[in-house]
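Below, each chain spelled out in residue letters.
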Amino acid sequence: MSTMLQPGMKGTQETTVSESMLASSVGSGKVCVFSTAMMVAWMEATAVEVAQAVLDKGLTTVGTGISVTHVAATPLGMKVRFCAELTAVSANGKGLSFNVAAYDEAGLIGEGTHERVVVDREKFESRARAKGQA
């Protein structure tokens, strides 16, 4: 499973800031700029894709921590590129650490670290469903 997960693996994704991504639209502020919440979601999604590309069928990752700074505002309509690099894999092969960053057309807008854990998707979802029925 995790023997394929190696530090140095990288991925990128890109989006264009839409109205639904604005702080004023997602409830994280009153300004019409790309929200921190959406920046974090895209950073996570980019890390997911890095790991998912090499995981066996039935495995996926779940986020367990994130620490980022959002250093510059991005207006509606501007492109944003997200980068994730796997920096460490735990001894048991399940814990993953990533450096994440986001850039708009003018430069860096956010960066930080993100932690994920490899799980069996069905077992994980089954436990969550059981919790909801308790």
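Note that the coordinates shown come from a computational prediction; the quantities given were computed from them, not determined experimentally. Residue positions within a chain follow its written sequence, with the count starting from 1. With the structure being a predicted model, the display of local features is reserved for residues of pLDDT at least 70 and the display and counting of side-chain atom pairs for 80 or more, all residues being used for whole-chain, interface and lining totals. Hydrogen atoms and water are omitted, and side-chain values are computed over all heavy atoms in the structure.

With that settled, consider the pattern of salt bridges. Whenever a carboxyl oxygen of Asp or Glu lies within 4 Å of a side-chain nitrogen of Lys or Arg, that contact is scored as a salt bridge. Enumeration over the complete set of coordinates arrives at three salt bridges. Note that R116 and E44 form a salt bridge whose closest N and O atoms lie 3.2 Å from each other. With R116 in strand 5 (residues 107-120) and E44 in helix 2 (residues 36-52), this residue pair connects regions lying 72 residues apart in the sequence. Three labels apply to residues, based on accessible area from a 1.4 Å probe with only protein chains included: buried if under 20% of the type maximum, exposed if over 50%, partly exposed otherwise in between. Taking relative accessible area as the criterion, R116 reaches 5% and is therefore assigned buried. The numbering of helices and of strands both runs from the N terminus, where a helix is a DSSP run of H or I of at least 4 residues and a strand a run of E of at least 2.

A few words now on the packing of aromatic side chains. What counts as a ring pair is set by centres within 6.5 Å for rings of Phe, Tyr and Trp (its six-membered ring), and what kind of pair is set by the plane angle: stacked under 30 degrees, edge-to-face over 60, tilted for all other angles. With the rule as written, the count across this model stands at two aromatic pairs. Centroid distance F34 to F82: 6.2 Å. Interplanar angle 50°. Geometry classified as tilted. Note that F34 is positioned in the loop between helix 1 (23-26) and helix 2 and F82 in strand 3 (residues 79-89), a separation of 48 residues in sequence. Neither F34 nor F82 differs from the other in exposure class; each is buried. Taken together, a centroid distance of 5.4 Å and an interplanar angle of 15° make the contact between W42 and F82 stacked. A residue pair is termed long-range when its members are at least 10 positions apart, and W42 in helix 2 and F82 in strand 3 qualify at 40 residues. By relative accessible area, F82 is classed as buried at 0%. Among the aromatic side chains, those forming a connected cluster through ring pairs are F34, W42 and F82.

Functional significance is not addressed by these values, which are geometric in nature.
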